[in-house]
Amino acid sequence: PSILAQTPSANGLRLLDFGTSRSPVWAGFTRVTRESAYSEETGWGWSDTSGLNPLVAGARRSKGSPDALMGDYIHSNGKDFVIDLPNDTYRVVAYVDGYLMHGRTRFRGYTIKGNGKTVANFTWSHEQFLSTDYFFKDWDRPFEPTDPVWERWAEELHRTEIFTVPVVDGKMRLKFSHSMQVFGLIIH
């Protein structure tokens, strides 16, 4: 959250909030939807929009998130997101989730590639994910109405990946693994 409080002015700065066409957008960020196809005019977008699936937290059984950035996302389904940038090396902050919970809890892990090279990789076994150290942490503790729901149970299930990507041909291509949920990107 501290990086979001600042909006540095830098060559190549991009603030992107992934979600639906109707959900709130974090202040200062640009909305990215499943219809946001790459074009030379916009200089960013999905290389292929087929099979992308946006979701607003709370639309299914989830209870929502504390802000506009983490309140919606797009299932990437293995698609590339392309951004035109001047040649340089960029720092990327990606707000992502590798969990797929639709009636069943399972953990798939994920990989992010930047211009063809793996820049983030997170894997756990099913047992590690469902352990009492992680997903079932505090399973035997009663819920109190004053409990901070996001901080206590949900925040740890979301990940922030920070990595660098060199751009040599004027384009950054970020490939998110299948069924990965993408909430937002900060590129500078």
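A brief report on the enclosed structure follows.

The rules we used
Residues numbered from 1 in each chain as written. Predicted model: local features only at pLDDT ≥ 70, side-chain atom pairs only at ≥ 80, totals over all residues. Heavy atoms only, no water. Phe/Tyr/Trp six-rings, centres within 6.5 Å; stacked < 30°, edge-to-face > 60°. Helix = DSSP H or I, 4+ residues; strand = E, 2+ residues; numbered from the N terminus. Buried < 20%, exposed > 50% of the residue type's maximum accessible area, 1.4 Å probe, protein only. Core = buried A, V, L, I, M, F, W, Y, C linked by side-chain atoms within 4.5 Å. Pairing = 2+ DSSP bridges. Axes fitted to C-alpha atoms, helices over the stretch in contact; angles between N-to-C directions. Contact = heavy atoms within 4.5 Å.

Quick look at the packing of aromatic side chains now. Think of a pair of aromatic rings as described by two things: how far the centres are apart, and how the planes are tilted against each other in angle. Applying the stated criterion across every chain yields a total of 6 aromatic pairs. When the ring of phenylalanine 18 is compared with that of tryptophan 46, the centres are 5.7 Å apart and the planes differ by 75°; the resulting orientation is edge-to-face. Highlighted residues: phenylalanine 18 in strand S1 (residues 14-18) and tryptophan 46 in strand S3 (residues 44-46), separated in sequence by 28 residues. Exposure class is identical for phenylalanine 18 and tryptophan 46. Each is buried.

A word on the nonpolar core. Formed by 28 residues in total, the largest nonpolar core has its most connected members in Phe18, Phe81, Ile112, Met172, Leu174, Phe176 and Leu185. In terms of residue count, strand S7 (residues 88-97) provides more of this core than any other element does, 4 residues in total. Within the second largest apolar cluster, 10 residues are counted, among which are Phe29, Leu55, Leu69 and Tyr95.

The next subject is the sheet that holds S3. Strands sit in the order S3-S6-S13-S10-S11 across an open sheet of 5 strands; the sheet is antiparallel. Whereas interior strands pair on both sides, the edge strands pair on one side only; in this sheet they are S3 and strand S11 (117-122). Between one strand axis and the next, the sheet turns through 15° on average, direction left out of account. Bridge count for strand S10 (residues 110-114) against strand S13 (residues 171-176) is 3 bridges, and the pairing is antiparallel. If you follow glycine 114 over to S13, its bridge partner there is leucine 174.

So, about unusual backbone geometry. Not every positive phi belongs to a glycine, and asparagine 77 is a case in point at roughly 50°. Counting through the fold element by element, asparagine 77 comes out in the loop between strand S5 (72-75) and strand S6 (80-84). Classification of asparagine 77 as partly exposed rests on a relative accessible area of 21%. The phi dihedral of asparagine 115 is positive, around 50°, even though this residue is not glycine. Following the sequence through the fold, asparagine 115 ends up in the loop between S10 and S11.

With that out of the way, let us pick up the environment of alanine 94. Relative to the helices and strands, alanine 94 is located in strand S7. Residue alanine 94 is classed as buried on the basis of its relative accessible area of 0%. Discounting residues that sit within four places of it in the chain, alanine 94 has contacts with Ile112, Arg159, Thr160, Glu161, Phe163, Gly184 and Leu185.

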